[in-house]
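In case you want the letters, here they are:
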Amino acid sequence: MDHPGGWPGGLAGHLGAILGTGELHPNQGGGGSHVANAGYMVHPAQAGRGLARALCAYSLDAARGAGFRAMQFNAVVESNVRAVAAWKSMGFEVLATIPEAFNHPELGYVGLHVMYRKL
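Our subject in this report is the structure included herewith. Model, not experiment: these values are computed from the prediction.

Our focus in this paragraph is the overall build of the chain. Along the chain, the regular secondary structure elements total two helices and six strands. Going from N to C terminus, the chain has its helices and strands arranged as β-β-β-α-β-α-β-β. The buried share of the chain, taken over its 119 residues, is 35%. Contacts in the chain between residues at least 24 apart in sequence constitute 55% of all its contacts with a sequence separation of at least 6. As presented, the chain carries roughly 6,800 Å² of accessible surface, and 54% of it is formed by carbon and sulfur atoms.

Here we come to helix 1 (residues 51-65). Taking 1.5 Å of rise per residue, the 15 residues of helix 1 would be expected to cover 21 Å, and the 21 Å separating its terminal C-alpha atoms lies within 8% of that figure. When we look at burial in helix 1, the residues that qualify are L51, L55, C56, S59, L60 and A63. Positive backbone phi, approximately 95°, marks G67, located one or two places after helix 1.

Pairing of strand 4 (residues 70-77) with strand 6 (residues 108-118) involves six bridges; the strand directions are antiparallel. Directly across from V76, in strand 6, lies its bridge partner H113. Across eight bridges, the pairing between strand 5 (residues 93-104) and strand 6 is antiparallel. The partner of T97 across the bridge, within strand 6, is H113. Hairpin connection, strand 5 to strand 6: the antiparallel pair is bridged by three residues.

Interhelical geometry of helix 1 versus helix 2 (residues 81-89) gives an angle of 35° and a closest axis separation of 11 Å. The two elements helix 1 and helix 2 cross, and the hand of that crossing is right-handed. Counted together, A52, R53 and C56 of helix 1 and A86, W87 and S89 of helix 2 form the full contact between these two elements.

Conventions used here
- Residues numbered from 1 in each chain as written.
- Predicted model: local features only at pLDDT ≥ 70, side-chain atom pairs only at ≥ 80, totals over all residues.
- Heavy atoms only, no water.
- Helix = DSSP H or I, 4+ residues; strand = E, 2+ residues; numbered from the N terminus.
- Buried < 20%, exposed > 50% of the residue type's maximum accessible area, 1.4 Å probe, protein only.
- Contact = heavy atoms within 4.5 Å.
- Areas by Shrake-Rupley, 256 points an atom, 1.4 Å probe, with all protein chains shown as cover.
- Expected span 1.5 Å × (residues − 1).
- Pairing = 2+ DSSP bridges.
- Axes fitted to C-alpha atoms, helices over the stretch in contact; angles between N-to-C directions.
- Left-handed = near helix turned anticlockwise from the far one by under 90°.

Encoded structure:
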């Protein structure tokens, strides 16, 4: 399997400013290395423009091309309804929610979803 080894992806705007970034790597080593893990960050001023969705689509294609069999997100904040809806629309499902695993600065303790999809 040709893993992309910490793929650093990025989206730049027309003026060269970084709008968002992402990473892709095996979720675990050894026997779990056939499952990819990815993470994304989008500048708050760019929220709602589909940038995280574009990063996710790119990483799904890259993961498939690298021979991964699935992708797993280990910590999707359950109160981030935009992200949860986006990932569900891209074929991810919530496998489990870890209660009160994230201390949100405004909402207090909220759950973290583990989300998964086959490639």
